[in-house]
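Each chain, letter by letter, is given below.
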Amino acid sequence: MVATISNSAISKPNLYESQRIRLTSPMLHIGSEVQQFNPFEYVQTPSRVYLPNNDALAKALYQRGRLKNYISAIENREQIEPLLEAALGNDWQDAKDPTGAAIFPETRISRK
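Residues numbered from 1 in each chain as written. Predicted model: local features only at pLDDT ≥ 70, side-chain atom pairs only at ≥ 80, totals over all residues. Heavy atoms only, no water.

A. Expanded view of the overall build of the chain. Secondary structure summary: the chain contains 3 helices and 3 strands in total. Put simply, the chain runs from its N terminus to its C terminus through helices and strands in the order β-β-α-α-α-β. When the 112 residues of the chain are sorted by exposure, 21% land in the buried category. Expressed as a percentage of contacts within the chain between residues at least 6 apart in sequence, the contacts between residues at least 24 apart total 61%. Of the roughly 9300 Å² that the chain leaves accessible, carbon and sulfur atoms contribute 49%. (Helix = DSSP H or I, 4+ residues; strand = E, 2+ residues; numbered from the N terminus. Buried < 20%, exposed > 50% of the residue type's maximum accessible area, 1.4 Å probe, protein only. Contact = heavy atoms within 4.5 Å. Areas by Shrake-Rupley, 256 points an atom, 1.4 Å probe, with all protein chains shown as cover.)

Here it is as C-alpha cells:
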C-alpha cells in the first residue's frame, strides 16, 4: 500500500484582530511591568485582601469625622485596620457609605 500526499492540505489562516479596551477601574494594569500597590490601597487581614471603593470609603469616613485621621495614618504609614474598626465598627468589611454603596464590594475582596 502506497500513501500519497495531497496538495490540498489545510493552511493556517492569517488572522489579525483589533480590539478597543475601555478601562473602568483604576486597579487594572496592562503591560509587562508588575504593578506595586501602595499598602493603603488595600486592607489585608489574615485571610483576605480588601480593595476599597475609595469614594465610598472617603464619604463614610468624612461622615463619621475620621477622614483626617485616615489621611494622617496614610502619611505616617500606620495601620488603618484599627481606624476602620473605630470608625465603621467590628464588621467594617460590610460597611456602607451614606448613599448605601458598599465600601468593600464583594468583587474587590479576595482570599489570600
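B. Up close: the nonpolar core. Core analysis: the largest hydrophobic core is formed by 17 residues, its most contacted members being Val-43, Leu-57, Leu-84, Leu-88, Trp-92, Ile-103 and Phe-104. Breaking this core down by element, the ones donating at least two residues are α1 (54-63), α2 (67-75) and α3 (81-88). (Core = buried A, V, L, I, M, F, W, Y, C linked by side-chain atoms within 4.5 Å.)

C. Inspection of the packing of aromatic side chains at higher detail. One pass over the full model with this rule turns up 3 aromatic pairs. Between Trp-92 and Phe-104 the ring centres are 5.2 Å apart and the planes differ by 70 degrees, which places this aromatic pair in the edge-to-face class. Here Trp-92 is found in the loop between α3 and β3 (109-111), whereas its partner Phe-104 is found in the loop between α3 and β3, with 12 residues between them in sequence. Residue Trp-92 is classed as buried on the basis of its relative accessible area of 1%. Put simply, the rings of Tyr-50, Trp-92 and Phe-104 touch in pairs and so form one group of aromatic residues. (Phe/Tyr/Trp six-rings, centres within 6.5 Å; stacked < 30°, edge-to-face > 60°.)

D. Structural detail: the sheet that holds β3. One open sheet accounts for 3 strands, arranged β1-β2-β3; its pairing is antiparallel. Each of the sheet's edge strands pairs with one partner strand only, and the pair in question is β1 (43-44) and β3. As defined by bridge partners, strand β2 (residues 48-50) adjoins β3 across 3 bridges and the pair is classed as antiparallel. What sits directly across from Arg-48, in β3, is Arg-111. (Pairing = 2+ DSSP bridges.)

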